[in-house]
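Descriptive analysis of the structure
The residues making up each chain are set out below.
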Amino acid sequence: MADEKSWNEQLADWARNHPDQLDTLRDRINRSTLNDYLQGRITKLDRMSKGRKSALYEVTGLEIFKIEE
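Residues numbered from 1 in each chain as written. Predicted model: local features only at pLDDT ≥ 70, side-chain atom pairs only at ≥ 80, totals over all residues. Heavy atoms only, no water.

**Some thoughts on the nonpolar core**
Threshold: As used here, the term nonpolar core means buried Ala, Val, Leu, Ile, Met, Phe, Trp, Tyr and Cys residues forming a set that is joined through side-chain atoms within 4.5 Å. Only protein chains enter the calculation, and the probe is 1.4 Å; a residue is then buried if its accessible area is under 20% of its type maximum, exposed if over 50%, and partly exposed in between. By definition, any uninterrupted DSSP run of H or I lasting at least four residues is a helix, any uninterrupted run of E lasting at least two residues is a strand, and each is numbered from the N terminus. In what follows, residue pairs with any heavy atoms lying within 4.5 Å of each other are defined as contacts.
The biggest cluster of nonpolar side chains holds 18 residues, and the ones touching the most others in it are L11, W14, L25, L56 and F65. If you list the elements that add at least two residues to this core, you get α1 (7-17), α2 (22-28), α3 (31-39) and α4 (50-60). Per-element tally for this core: the top contributor is α1, with 5 residues. If we skip the residues at most four places from it in the chain, F65 touches W7, L11, L45, M48, K53, L56, Y57 and T60.

Put into structure tokens, the structure is as follows:
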């Protein structure tokens, strides 16, 4: 759907709503990479490693990062 937010927008919304948990996420994902995600400079979710997706899902709980096995 055209109204759905991109994963970058969902992550940025989460970050704005959970500033106290950003350090936890930064401990798991390189700061510059995380900033690239938040700023929409990296947009291809299918090219993200399973480890990063897993870390994002564990910290944020956003379903977009859930790995289906």
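**Focus: the confidence of the model for the protein**
The line we're drawing: For every residue, the predictor states its confidence as a pLDDT score lying anywhere from 0 to 100.
For the protein, mean pLDDT is 93; residues scoring 70 or higher make up 96% of the total. α1 holds the highest mean pLDDT among the elements of the protein, 97, whereas α2 holds the lowest, 94.

**Quick look at the packing of α1 against α3**
Applied cut-off: Angles run from 0 to 180 degrees between N-to-C directions of axes, and those axes are lines fitted to C-alpha atoms, restricted for helices to the stretch in contact. Working definition: roughly parallel below 35 degrees, roughly antiparallel above 145 degrees, roughly perpendicular at 65 to 115 degrees, and oblique for all remaining angles.
Two elements in contact, α1 and α3, have axes separated by 7 Å at closest approach and are oriented at 110°. Taken together, the axes of α1 and α3 are roughly perpendicular relative to one another. Within the contact between the two elements, α1 uses W7, N8, L11, A12 and A15 and α3 uses L34, D36, Y37 and L38.

**Quick notes on the environment of Y37**
Tracing the chain through its elements places Y37 in helix α3. Its relative accessible area of 2% is what places Y37 among the buried residues. Along the chain, Y37 and L11 lie 26 residues apart, while their C-alpha atoms are 7.8 Å from each other. With near-sequence residues (within four places) excluded, Y37 lies in contact with W7, N8, L11, I29, I42, M48, R52 and L56.

**Side note on the environment of A15**
Position of A15 relative to the elements: it lies in helix α1. Classification of A15 as buried rests on a relative accessible area of 10%. Each C-alpha atom of the pair A15 and L25 lies 9.6 Å from the other, and the pair is 10 residues apart in sequence.

**Notes on α4**
The α-helix advances 3.6 residues per turn, and as a result positions three or four apart in sequence lie on the same side. Just so we agree on the cut-off: Directions from the helix axis toward the C-beta atoms define the arc.
Within α4, burial applies to K53, A55, L56, V59 and T60. The buried side chains of α4 occupy one side of the element, clustering within an arc of 160° when seen end-on. Those residues of α4 that are exposed and angled more than 90 degrees off the buried face are K50, G51 and E58. Where α4 is buried, its residues contact α1, α2 and α3. Positive backbone phi, approximately 75°, marks G61, located one or two places after α4.

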